[in-house]
Amino acid sequence: MLGTQLKDGRKSPSVPTASVVLGLFGGFAVRFGSLNQLGAQFKIPGRWERWVGSRKPSADTMAYSLDRLYLNLLRRLLWTIAMLCKRKKVFRRLFPDIHWVAALDGIETYKSQKKDNCPHCLTRRLVSGDEYVTEYYHRDVVLQLVGVTPAVVLDVEALRPGETEAAAGLRLLRRFLGRHPRYLDAITLDAFYLQAPFVKELLRYGLHLVIVLKQENRELYQDALGLCESIPAKITKVGTEEIRFWDLGELRTWSQLGRGVRVVRSVEKELTGKRKNGDFVFKQTVRDWFWCVISPEGRGRVDGELIAKWGHARWDEETRGFCELTQHWHLDHCYRHNANAMLAALMILFLAFTLTTIFFQRNLKGIWKKFARVALARLLMDDLAGHYYGSFWSTAPA
Ligand SMILES: [Zn+2]
């Protein structure tokens with residue numbers, strides 16, 4: 001599949017694009033930190049041929065190809081995997097639900113205070129010591145499934161200089177929802193997406209929108225806060241946590257939207273204790289969440305507490321993996337400062353992350369299940385780079 005689909009803009013290349021992408025895919029899966037490290041690996045005779053093919057790319061070839069990789073073909077691979085996972089029932093639910101929910105988030109993949117010759121850098125002014133400096137950076141928006149594992153990445157889009165994250169997010173959503181109108185039921189978004197034009201446009205795709213409500217959206221927030229004082233909360237206690245929950249129904253305060261917006265609130269108090277110098281010290285943490293829920297006409301009403309679960313699923317690091325991706329997969333590391341290369345590398349990284357997650361979820365037997373993902377990556381390296389034929393995953397040592 002890879003060989004026929006992937007292409008780049010090189011003229012008569014001696015190393016096929018598929019070998020470059022497979023090489024990078026393998027490099028990401030086993031956690032290589034730079035193209036040079038990976039290129040050096042590929043120079044060793046007899047290593048990686050089984051995975052990459054007989055024509056292995058050098059670091060320069062990988063860089064040259066990444067700059068010219070056709071991004072839409074990579075994107076189609078992300079989509080194909082997402083479709084296949086659904087059709088083949090690969091997903092596992094983290095809580096009971098029949099909806100398919102995705103979160104839209106921003107991530108930063110590059111920042112430097114040194115000016116480079118890159119026309120796609122975004123800029124911001126920062127205070128450094130007692131002066132202002134300009135920082136150059138790259139930021140992307142990522143659409144990723146939540147509430148299920150594997151948390152498949154559905155699409156990625158880079159912010160262009162001068163545009164807002166909401167503009168890039170809208171471009172991504174138009175593309176994904178235009179191609180896959182029935183894949184999702186709901187999208188959860190950060191507070192700055194709570195803008196009337198954005199919401200109006202998205203409602204045309206027939207999805208539930210769940211958007212964090214913060215004080216910046218002053219009138220709606222104040223109105224919701226006031227209502228909570230007159231409506232009794234539903235109180236649930238789980239262990240040392242107490243949740244007070246309100247479903248406030250439709251509020252009409254947000255006049256620019258021209259329609260009602262449902263607001264739900266969850267105040268979560270948790271008491272944690274730990275021993276310090278022989279004494280037991282208690283600490284209370286309070287999280288106060290407001291979500292706006294905007295549902296298209298004719299779509300059924302979603303249970304309020306389920307909406308809170310969707311909202312929380314955005315922060316479920318364990319399954320979404322941003323933390324793991326940053327710590328162990330070099331997500332915020334720039335392999336090459338070129339806009340096309342960065343987006344291509346990011347998509348290959350997500351492909352590697354998703355597919356290895358699925359592979360480990362489905363194939364780990366016996367003692368392998370007890371291995372940390374970093375240790376498994378090392379084993380995967382033996383598998384991808386070595387001469388080993390057959391599979392050692394299905395026959396774990398006792
Ligand atoms: Zn740049």
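Now for a look at the structure at hand. Everything numeric in this text was worked out from a predicted model, so none of it was measured.

Considerations on the coordination of the zinc ion
For step 1, the next point in the chain: Only Cys118 (SG), Cys121 (SG), His138 (NE2) and His337 (NE2) from the protein reach the zinc ion as donors, at distances of 2.0 to 2.3 Å.
For step 2, the next point in the chain: Classification of the site at the zinc ion rests on its four donor atoms, whose angles at the metal span 101 to 118 degrees, yielding the label tetrahedral.
For step 3, the next point in the chain: Read in sequence order, the donor residues for the zinc ion give the motif C-x2-C-x16-H-x198-H. In this pair, Cys121 sits in the loop between β2 (101–112) and β3 (122–128) while His138 sits in strand β4 (residues 131–146), placing the two residues 17 residues apart along the sequence. His138 shares its class with Cys121; the two are buried.

A short note on helix α8 (residues 196–203)
For step 1, the next point in the chain: Across the eight residues that make up α8, a large majority, six, are buried.
For step 2, the next point in the chain: All of the buried residues in α8 are Ala196, Phe198, Val199, Glu201, Leu202 and Leu203.
For step 3, the next point in the chain: Contact partners of the buried residues in α8: α7 (165–179), β7 (186–189), β8 (208–212) and β12 (279–294).

Some words on the pairing of β4
For step 1, the next point in the chain: For β4, a buried count of 12 out of 16 residues is recorded, marking the element as mostly surrounded by other parts of the structure.
For step 2, the next point in the chain: Where β2 meets β4, 11 bridges bridge the pair, whose relative direction is antiparallel. Within β4, the position partnered with Ala102 by the bridge is Leu145.
For step 3, the next point in the chain: Sheet analysis places β3 next to β4, joined by seven bridges and oriented antiparallel. Its bridge partner being in β4, Leu122 is matched across the sheet by Tyr137.
For step 4, the next point in the chain: Here β3 folds back onto β4 in antiparallel fashion, the turn holding two residues, of which Gly129 has a positive phi close to 65 degrees.
For step 5, the next point in the chain: Looking at chain direction, β4 and strand β6 (residues 153–158) are connected through five bridges and run antiparallel.

Quick notes on the rules
Residues numbered from 1 in each chain as written. Predicted model: local features only at pLDDT ≥ 70, side-chain atom pairs only at ≥ 80, totals over all residues. Heavy atoms only, no water. Donors = N, O, S within 2.8 Å, 3.2 Å for Na, K, Ca; no water. Tetrahedral: all angles 85-135°; square planar, octahedral: opposite > 155°, others 65-115°. Helix = DSSP H or I, 4+ residues; strand = E, 2+ residues; numbered from the N terminus. Buried < 20%, exposed > 50% of the residue type's maximum accessible area, 1.4 Å probe, protein only. Contact = heavy atoms within 4.5 Å. Pairing = 2+ DSSP bridges.

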